[in-house]
Amino acid sequence: QLAQTAPYQLLQRHVVQGEPVDDLPEALQKSLQQARTAYANLGAQGELTGLLAVLDGKYLPTSYGGDPIKNPDAYPTGRNLYGFDPSRVPTQQAWAAGKEAAEQLIAEHRRQTGKQPAKLAVSLWSVETMRHQGLLEAQALWLLGTEPVWDEGGRVTGVKLVPRKALGRERVDVVLSATGLYRDHFPNTMKILAQAAQLAARAAGDGDEANPVAAHTRAIAARLRAQGLPDQAAQAAAETRIYSSESGKYGTGLDDATLATDTWKGKQEGDRKLAQLYLSRMQFAYGADESTWGSLQGGGLKGKDGQPLNLYAEHLRGTEGAVLSRTSNTYGMLTTDDPFQYLGGIGLAVRHLDGKAPQLYISNLRATGNGGSGRVEGSAQF
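I will try to describe carefully the structure that is included in this document. Treat the numbers as computed from the prediction; the structure is a model and nothing was measured.

Interhelical geometry of helix 10 (residues 212–226) versus helix 11 (residues 231–239) gives an angle of 140° and a closest axis separation of 8 Å. Taken together, the axis directions place helix 10 and helix 11 in an arrangement best described as oblique. Relative to helix 11, the crossing made by helix 10 is right-handed. Within the contact between the two elements, helix 10 uses T217, I220, A221, L224 and R225 and helix 11 uses D231, A234, Q235, A237, A238 and E239. Classifying every residue of the contact of helix 10 with helix 11 gives six nonpolar, two polar and three charged.

Right under this line is the structure:
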């Protein structure tokens, strides 16, 4: 039935068949000309030409990559791709959409659970950020009750605290899980996020008496001090919210480990092994002090089970929901193992720690409507 609709037939006549557009409204003429260019660029005619140019030592024109539906300028292919300037993450447009998306996430969690979230986890992927230009980071910043500071050129130079009264709700504690590629590609953004978490953890007064970020920070710091960690180190560890794999290493290990189900004695043992593997691989901390980046932050302490203390596990305890973004119109949730490695890994770890899995959410940003903020969708438990 799609081919019988007026929009389809309009595109068929003027874009595919090339009929003149002179008698159409000016705005529509401009859109159809853009559509003609995009349609012509869908082919791979530039691939061989580009390859031969590179092999011949010639200059290859650059182009902005990304999803072709969200960004038609990504085509034609066969050019030297670049993402964008990482210092602009989040862009001001992504910030505006991300604030709205954060409120949608809170509303969806309230709809599913009947209460305001106090702690959420966010899974950060490099390729996703390149597509949405920092919308998920904007969500995390706004959940914490902080906002970026830009210079005149649009580059993010810092972060500032949003007063509790201006925020209009309690702050939400945010634990950030970064992939290895994200750690390598966006250290500047991680620095901003780490500073935001520290600001939110230290916010007090002016209506912030019930600040969950500060409350969780105090509780973790107290546990660490009780186990012997010095005050300053305990406070720094308690304020750290970003965790990733060890520098130079990538992945959670769950992709290969899940194939070894024949070695498990039962589902309970399998879940425990997978959760412990995930927590072990992703426990390297990235806080406000860059000199400690990539450390374990445990200070040699051991937990109740006699194993080295895992600060990532300490911060994940009590997580009520976890979210990742989905911007690609090319790849789906089951196309690769990454969604279950990272979003599923968080869910598995929290269930192992708390005995109850968190709500899993997808920030669906594939469409360009709804002000660019997309929509929040529930995800089946992995």
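With that settled, consider the packing of helix 1 (residues 6–16) against helix 2 (residues 26–41). Put simply, helix 1 and helix 2 touch, their axes get as near as 9 Å, and they point 70° apart. Classified by the interaxial angle, the pair formed by helix 1 and helix 2 is roughly perpendicular. Here helix 1 runs over helix 2; the crossing is right-handed. Along the contact surface, helix 1 presents L10, L11, H14, V15 and V16, while helix 2 presents L28, L32, A35, R36 and Y39. Of the residues in the contact of helix 1 with helix 2, the class split is eight nonpolar, one polar and one charged.

Let us now look at a nonpolar patch on the surface. Among the surface-exposed residues, L48, L51, L52 and L55 lie close enough to one another that they form a single nonpolar patch of about 440 Å² accessible area. In this structure, L48 sits in helix 3 (residues 45–55). Note on L48: relative accessible area 56%, which makes it exposed.

Glancing now at the pattern of salt bridges. Under the defined criterion, the tally for this structure stands at 19 salt bridges. The salt bridge partner of E239 is R202, with a shortest N-O separation of 2.9 Å. Of the two residues, E239 is situated in helix 11 and R202 in helix 9 (residues 187–202); the sequence distance between them amounts to 37 residues. Overall, E239 belongs to the buried group, its relative accessible area being 6%.

Among the residues of helix 1, those classed as buried are L10, H14 and V15. Angular distribution of buried residues about the axis of helix 1 spans 90°; they occupy a single face of the element. On its buried face, helix 1 is in contact with helix 2. Following helix 1 by one or two positions, G18 adopts a phi angle in the positive range, close to 80°.

Definitions and limits used
- Residues numbered from 1 in each chain as written.
- Predicted model: local features only at pLDDT ≥ 70, side-chain atom pairs only at ≥ 80, totals over all residues.
- Heavy atoms only, no water.
- Axes fitted to C-alpha atoms, helices over the stretch in contact; angles between N-to-C directions.
- Helix = DSSP H or I, 4+ residues; strand = E, 2+ residues; numbered from the N terminus.
- Parallel < 35°, antiparallel > 145°, perpendicular 65-115°, else oblique.
- Left-handed = near helix turned anticlockwise from the far one by under 90°.
- Contact = heavy atoms within 4.5 Å.
- Nonpolar A, V, L, I, M, F, W, Y, C, P; charged D, E, K, R; others polar.
- Patch = residues over 30% accessible without salt bridge, like charges linked within 9 Å, V, L, I, M, F, W, Y side chains within 5 Å.
- Areas by Shrake-Rupley, 256 points an atom, 1.4 Å probe, with all protein chains shown as cover.
- Salt bridge = Lys/Arg side-chain N within 4 Å of Asp/Glu carboxyl O.
- Buried < 20%, exposed > 50% of the residue type's maximum accessible area, 1.4 Å probe, protein only.
- Arc of directions from axis to C-beta.

Function cannot be read off these values alone, since they describe shape.
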